[in-house]
Amino acid sequence: MDQDQFLKLLNKEIQGKLTAEEKLLLEKLIIDNPDNKVLYHFIKNQHRTQPSASEKTEKAFDLLWQKLEDKVPESVPKRASAKSRYLLYLVAASIMIFFCVGMWWYSSQQEAIEYKISYSSAKGEKRILNLPDGSTVWLNGDSKLYLATDFNKKERRVKLVGEGFFAVAKNKKHPFIVSYKDSEVKVLGTKFNIRAYQDENKTQTSLVEGAIELKSQKNGETYRLVPGDKLTIASNGNVQPSKDKPRTIMVKRTALTVQEGEKMPSEALWLENKLSFEADPMNIVASKISKWYNRTVLIDNIELEKTTFTGTMENYSLEMALKTILLANPKLHIREENESIILY
Amino acid sequence: MQKLNQDPFLWTELRYAIVFNRDQLAFKTLFKKFYSDLYEFGYAIIKSPEPVEDIISEIFMKLWLLEDKLMEIENIKTYLFRSVRNNAIKYLERQHSHVDISEIIDFNYQYPSVEQEYISSENLKVIQQIIDELPSKCKMAFTLVKELGCTYHETAAIMEISTNTVDRHIQLALRRLRDSITLRKIKS
């Protein structure tokens, strides 16, 4: 009996699942029985490799790197000797100076990027766009996508107003860059969703697959996203920044969540024609509904920005959608005024 | 318990440096972190140094050439160990085409130093013998958990079995060890 209990506790101990009470019991069983003690100490002490193995590791790595260099010379940066490394620093420094000057020149020129072709979707409408480079973009309602005039020449630059889901074709030579509001993402070939409506006070960038680099012009920071990441940048964007009221920006990194019974994260469910909310404050809820059903929905109580709603709706009428949200929030009221729906 | 704890944040940073900057140093950091444990694990299966070295080298070469597909690997530790395990078994299958592989996998770890403070060398010999006599899959699960500090969850991912099965393997190993320690001590 005691032995069964000891083995059960030891198994739990290995998994780090012992409660304080069980720990005491285990200790007692070890003290009481020397055979238990032998097994316990054996399990608790791991055999580790000696640090002397590190020389072997170094050698193994050099060998591996050599093989990679032989196989694909262009994919492996060449290593430099100490002397040429010094030279390299000099060159690097001068390149940095050129680069900085160039960046300044570039940023002063940046306004000059011309966008020629544009696609747009009406409120309540969704569109699938096949871009000339093989990428596909789904546009949600009330959104616009612009293609740069020289799209696919050097880079593939597009501009988004609204919400779009991007499945970008892989092409290392021509990076795919999306600008929206005050941000820009650079892409290697991935799937991601951007929500950046002019009338919402935040942008949400959600990465489903691959990798993206996001640059915010608001704070100059670069963020790297891994699959399942969602970056929300919020600001009191409508207020002009002034000395006593500086513009505040908030950056939040969260994990994408897949609601029960769904296959995709909430941020991408609109692709399946589902209207999904993921802890959205009421101002975003109103904005989403108004874009989905093409009706003006307004908020008449600033406090509601603290009330959130989570859920997914498929084939709901506007009335059903509003009813569901009202049911979830007993404090929420609704009225109609000149064709507009007002939440308060 | 000293563990091969995989810091998920470190992996996030490393894979970004590898994917975006083709950073050799980041790649080397990754290599150094896992090499000796992967080597020991592979050696326990194949018991010959060169093929193990080749297997590990091939796995890391493939990793470097994956480029941005690398972003899809969530848990690098289980990915690496699983690759070593699968490639080692494939290697043995090629070597002994008509032999049942599960009979060959045979961990032969030495248990020096630390344990001896608490456990007599006779007991250690008994333990080694019992471990050698464990069914091969049970032995692999036990080695991953005890020697390589894998969680049950990681062990399950590496061996491509369920966590419950890992738990059963560990239970069996512990019971046999416990029973034999008492039994053989009495005999001798």
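What you are looking at is a predicted structure, and each value in this text was computed from that prediction instead of being measured. (Residues numbered from 1 in each chain as written. Chains lettered and ligands numbered in written order. Predicted model: local features only at pLDDT ≥ 70, side-chain atom pairs only at ≥ 80, totals over all residues.)

**Quick look at the overall build of chain B**
Moving on, step 1. The helix and strand tally for chain B stands at 9 helices and 0 strands.
Moving on, step 2. Going residue by residue from the N terminus, the α and β elements of chain B occur as α-α-α-α-α-α-α-α-α.
Moving on, step 3. Per-residue burial for chain B yields a buried fraction of 36% across its 188 residues.
Moving on, step 4. Contacts in chain B between residues far apart in sequence, at least 24 positions, make up 64% of those at least 6 positions apart. (Helix = DSSP H or I, 4+ residues; strand = E, 2+ residues; numbered from the N terminus. Buried ≥ 20, exposed ≤ 12 C-beta atoms within 10 Å, placed from the backbone. Contact = placed C-beta atoms within 7 Å.)

**A word on the overall build of chain A**
Moving on, step 1. Assigned secondary structure in chain A consists of 7 helices and 18 strands.
Moving on, step 2. Residues counted as buried form 28% of the 344 residues belonging to chain A.
Moving on, step 3. Look at the contacts in chain A between residues 6 or more apart in sequence, and 42% of them connect residues 24 or more apart.

**Digging into the sheet that holds strand E15 (residues 297-299) of chain A**
All names here are of chain A.
Moving on, step 1. Read across the open sheet, the 3 strands follow the order E15-E18-E17; overall the sheet is mixed. The outermost strands of the open sheet, each flanked by one partner alone, are E15 and strand E17 (334-337). On average, each strand axis in the sheet is tilted by 30 degrees relative to the strand beside it, whichever way the strands run.
Moving on, step 2. Across the face of the sheet, helix H6 (residues 282-293) comes into contact with E15 and strand E18 (340-343) while running at roughly 170 degrees to E15. (Pairing = 2+ DSSP bridges. Axes fitted to C-alpha atoms, helices over the stretch in contact; angles between N-to-C directions.)

**A closer look at the confidence of the model for chain B**
Moving on, step 1. Summing up the model confidence of chain B, the mean pLDDT is 80 and the portion of residues at 70 or higher is 81%.
Moving on, step 2. What the predictor reports for the complex is a pTM of 0.51 with an ipTM of 0.83. (pLDDT = per-residue confidence, 0-100.)

**Comments concerning helix H3 (residues 49-65) of chain B**
In an α-helix there are 3.6 residues to a turn, and that puts residues three or four apart on one side.
All names here are of chain B.
Moving on, step 1. When the terminal C-alpha atoms of H3 are compared, their 25 Å separation across 17 residues agrees well with the 24 Å that a helix rising 1.5 Å per residue should span.
Moving on, step 2. Among the residues making up H3, those that are buried are Val52, Ile55, Ile56, Ile59, Phe60, Leu63 and Trp64.
Moving on, step 3. Within two residues after H3, Glu67 carries a phi angle of roughly 50 degrees, on the positive side. (Expected span 1.5 Å × (residues − 1).)

**Overview of the interface of chain A and chain B**
Moving on, step 1. With 35 residues of chain A at the interface, the matching set in chain B holds 42 residues.
Moving on, step 2. Mapped by element, the contributors of at least two residues to the side of chain A that touches chain B are helix H1 (2-14), helix H3 (34-44) and helix H4 (53-71) of chain A.
Moving on, step 3. By residue number, the principal contributor to the side of chain A that touches chain B is H4(A), which donates 8 residues.
Moving on, step 4. When its residues are assigned to classes, the side of chain A that touches chain B shows 18 nonpolar, 11 polar and 6 charged. (Nonpolar A, V, L, I, M, F, W, Y, C, P; charged D, E, K, R; others polar.)

**Some words on the nonpolar core**
Moving on, step 1. With 91 residues, the main nonpolar core has A:Ile212, B:Leu38, B:Ile56, B:Val84 and B:Ala141 as its most contacted residues.
Moving on, step 2. Looking at this core, the element that brings in the most residues is helix H2 (residues 24-46) of chain B, giving 11 residues.
Moving on, step 3. Not counting chain neighbours up to four residues away, the residues in contact with B:Ile56 comprise B:Tyr35, B:Leu38, B:Tyr39, B:Gly42 and B:Val84.
Moving on, step 4. With 13 residues, the next largest nonpolar core counts A:Ile289, A:Tyr293, A:Ala321 and A:Ile325 among its residues. (Core = buried A, V, L, I, M, F, W, Y, C linked by C-beta atoms within 7 Å.)

**A closer look at unusual backbone geometry**
Moving on, step 1. Look at A:Asn273: it is not a glycine, yet its phi comes out positive at around 65 degrees.
Moving on, step 2. Taking the C-beta count within 10 Å as the criterion, A:Asn273 has 10 such neighbours and is therefore assigned exposed.

**Observations concerning helix H6 (residues 121-133) of chain B**
Residue and element names in this part refer to chain B.
Moving on, step 1. In a regular helix each residue adds 1.5 Å, so 13 residues correspond to 18 Å; H6 covers 18 Å between its end C-alpha atoms and thus fits that length.
Moving on, step 2. For H6, every residue scored as buried is listed here: Asn123, Val126, Ile127 and Ile131. An end-on view of H6 places all buried positions within 135 degrees of arc, on one side of the element. Facing away from the buried side of H6 by over 90 degrees, the exposed positions are Ser121, Glu122, Lys125, Gln129, Asp132 and Glu133. (Arc of directions from axis to C-beta.)

**Overview of the packing of H2(B) against H3(B)**
Residue and element names in this part refer to chain B.
Moving on, step 1. Where H2 contacts H3, the two axes come as close as 9 Å, and the packing angle between them is 145 degrees. As for how H2 packs across H3, the hand of that crossing is right-handed. Contacts from Phe27, Phe31, Tyr35, Leu38, Tyr39, Gly42, Tyr43 and Ile46 of H2 reach H3 at Pro49, Pro51, Val52, Ile55, Ile56, Phe60 and Trp64.
Moving on, step 2. Of the residues in the contact of H2 with H3, the class split is 14 nonpolar, 1 polar and no charged. (Left-handed = near helix turned anticlockwise from the far one by under 90°.)

**Examining the packing of helix H7 (residues 136-146) of chain B against helix H8 (residues 152-159) of chain B**
What describes two packed helices is the angle between their axes and the distance between those same axes.
All names here are of chain B.
Moving on, step 1. One way to put it is that H7 packs onto H8 with a least axis distance of 10 Å and a crossing angle of 135 degrees. With respect to H8, the axis of H7 lies oblique. For the pair H7 and H8, the sense of crossing is right-handed. Residues Met140, Ala141, Leu144 and Val145 of H7 touch H8, and the partners they reach there are Tyr152, Thr155, Ile158 and Met159.
Moving on, step 2. Per-class residue counts for the contact of H7 with H8 are 7 nonpolar, 1 polar and no charged. (Parallel < 35°, antiparallel > 145°, perpendicular 65-115°, else oblique.)

**Details of the pairing of E17(A)**
All names here are of chain A.
Moving on, step 1. Note: E17 against E18, 4 bridges, orientation antiparallel. For Glu336, the partnering residue across the bridge sits in E18 and is Ile341.
Moving on, step 2. Here E17 folds back onto E18 in antiparallel fashion, the turn holding 2 residues, of which Asn338 has a positive phi close to 40 degrees.

**Observations regarding the environment of B:Glu53**
Moving on, step 1. Checked against the element boundaries, B:Glu53 lands in helix H3.
Moving on, step 2. Along the chain, B:Glu53 and B:Tyr35 lie 18 residues apart, while their C-alpha atoms are 9.5 Å from each other.

**Some words on the pairing of strand E7 (residues 183-187) of chain A**
Residues and elements named next belong to chain A.
Moving on, step 1. Where strand E6 (residues 176-180) lies against E7, 5 bridges are found, and the strand directions are antiparallel. Bridging across to E7, Phe176 finds its partner in Val187.
Moving on, step 2. Relative to strand E10 (residues 212-216), E7 runs antiparallel, the two being bridged by 5 bridges. The partner of Val185 across the bridge, within E10, is Leu214.

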